[in-house]
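Fold and geometry: a report
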Amino acid sequence: MKVLLIVVMFNFETGSELETRMDFADVDACHAAALETFQSIHAEVDIRAMEIPEGQEMLEGTMIAYGVEGNEIGMYACNVLRAAGNSP
């Protein structure tokens, strides 16, 4: 199994920055890497599941990262790759 991490860092000066990684063997390692990524920007980050309004489509498991002051600093999702050729 391989897990894809998609991270979007919100930067209001330069625009959002996108990072993707596919080097995780499991979902827990992916979540840990996402937390580490956000902690490199804000040491005290709060990660919560994104509330998706009815009728909108988002990646399953999308999480929002909040800074110390409660402002959104980014979002991420960890998803198992289902492409042919990936062994369980």
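Summary of the structure given here. No experiment lies behind these values; they were computed from the predicted model shown. (Residues numbered from 1 in each chain as written. Predicted model: local features only at pLDDT ≥ 70, side-chain atom pairs only at ≥ 80, totals over all residues. Heavy atoms only, no water.)

**Points about the state of the cysteines**
- Under the definition given, this model contains 1 disulfide.
- The disulfide partner of C30 is C78, and the S-S distance across this bridge is 2.1 Å. Disulfide C30-C78: the torsion about the S-S bond is -90 degrees, which places it as left-handed. Of this pair, C30 sits in helix α1 (residues 27–39) while C78 sits in strand β5 (residues 72–80), and the two are 48 residues apart along the sequence. (Disulfide = S-S within 2.5 Å. Helix = DSSP H or I, 4+ residues; strand = E, 2+ residues; numbered from the N terminus.)

**A word on the pattern of salt bridges**
- Throughout the structure, instances matching the rule amount to 2 salt bridges.
- The closest approach of N and O atoms between D23 and R21, which form a salt bridge, is 3.0 Å.
- Classification of R21 by relative accessible area gives partly exposed; the value is 29%.
- Across the pair D46 and R48 runs a salt bridge, and its minimum N-O distance is 2.7 Å. (Salt bridge = Lys/Arg side-chain N within 4 Å of Asp/Glu carboxyl O. Buried < 20%, exposed > 50% of the residue type's maximum accessible area, 1.4 Å probe, protein only.)

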